[in-house]
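Geometric and topological summary
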Amino acid sequence: AFSQDDEEKLDIEDDEEDESNTANTLKLEDEMNNILDNEENQLKEELHGKANLLKEILSNRIDEELQDEIDRENELLSLKEMLNSVEENEKTAEEHWKEIQNSTLTRYDDMSDKMKDMIDTDPKNWTTTQIVILCVSVSIVLFLLAGIMACCFYGIYKK
C-alpha cells in the first residue's frame, strides 16, 4: 500500500490544506466581522440621525407649547388688568355719584333754608332786600291790574 513517504506527503498535503482552510476561514471571519462592523456603524449612524431629528421635533413642539402658554398667561394678565381698571373706574364713579348726591342734597337744604327765610311772614325778621322786593312786586301787580282795567273801560267806552 502506501509507503512512509507517501503517507508523509499526504500528511504534509493535509497539513497544508488544513492551514489553507484555516487561513481561508480566518480571512472569511475577518471579512464577515468587517461587514458586520460596517453594518453596525451604519445602523448606529442612522439611529443617531433619527434620534437627533426626533430631539429637534420635540424641542420645537415644546417651544411652541411654551410660547402658547406664555401667550395665554399674557392674555390672562391683560384681562386681569382690564378688570382691575374697570373695578377702579366703578369705585371712582360710585364715589363721584355719592359726592354729587351729597352736594345736591346740601344745595337743596341750603335753598330750602333760604326759601324759608324769604317766605318768613314775621315782619320783624324781614331784611331790607325782602321789603324792597315785596314793594316792587306789589307795584307791578297793581300796575298790571290798572292796565287791565283801563283796557276794559276803553273797550266799554268804545262800544
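Here, the structure is the one placed above.
Now for a quick tour of the structure. Position labels on residues start from 1 in each chain and follow its written sequence. In view of the model being predicted, local features appear only for residues whose pLDDT reaches at least 70, and side-chain atom pairs are presented and counted only at 80 or more, with totals across whole chains, interfaces and linings using the full set of residues. As a convention, hydrogens and water are excluded, and side-chain values are obtained from all of the structure's heavy atoms.

The number of helices and strands found in the protein is 2 helices and 0 strands. The C-alpha extent of the protein, read off along each of the three principal axes, is 195 × 50 × 20 Å. Each residue is assigned to one of three classes by its accessible area relative to the maximum for its type, calculated with a 1.4 Å probe on protein chains only: buried under 20%, partly exposed between the two thresholds, exposed over 50%. Residues classed as buried in the protein amount to 1% of the 159 residues present. Accessible surface, the protein: about 15,200 Å² in total, of which carbon and sulfur atoms supply 59%. For the protein, the distance from the average site of its 16 positive side-chain charges to the average site of its 42 negative ones is 36 Å. Numbered from the N terminus, helices here are DSSP runs of H or I no shorter than four residues, and strands are runs of E no shorter than two. Using a 1.4 Å probe, the Shrake-Rupley method yields the accessible areas, and only the shown protein chains count as cover for residues. Charged residues are defined here as Lys and Arg on the positive side and Asp and Glu on the negative side; His and the ends of the chain fall outside this count. The atoms used to mark charge sites are NZ of Lys, CZ of Arg, CG of Asp and CD of Glu.

This part covers the pattern of salt bridges. Salt bridge criterion: a side-chain nitrogen from Lys or Arg within 4 Å of a carboxyl oxygen from Asp or Glu. Counted by the stated rule, this structure contains 3 salt bridges. One salt bridge connects lysine 44 with glutamate 40, and the closest N-O pair in it is separated by 3.5 Å. In this pair, lysine 44 and glutamate 40 both sit in helix α1 (residues 4–119), 4 residues apart, roughly one turn of the helix. Note on glutamate 40: relative accessible area 40%, which makes it partly exposed.

Among the structural elements, arginine 61 can be located in helix α1. Under the relative-accessibility criterion, arginine 61 is labelled partly exposed at 48%.

This next bit is on the state of the cysteines. Any covalent bond linking the sulfur atoms of two cysteines counts as a disulfide. The definition used for a disulfide is geometric: two cysteine sulfur atoms within 2.5 Å. On inspection of all chains with the given rule, the structure shows 0 disulfides. For cysteine 151, which is in no disulfide, the shortest distance to another cysteine sulfur is to cysteine 152 and amounts to 7.0 Å.

Nonpolar side chains collect at one region of the surface, where Leu134, Val138, Val141, Leu142, Leu145 and Ile148 lie side by side and expose about 530 Å² of accessible area between them. Relative to the helices and strands, leucine 145 resides in helix α2 (residues 128–158). On the accessibility criterion, leucine 145 (46% relative accessible area) is partly exposed. Surface patches are defined over residues having more than 30% relative accessible area and no salt bridge, joining like charges when they lie within 9 Å and nonpolar side chains (Val, Leu, Ile, Met, Phe, Trp, Tyr) when within 5 Å.

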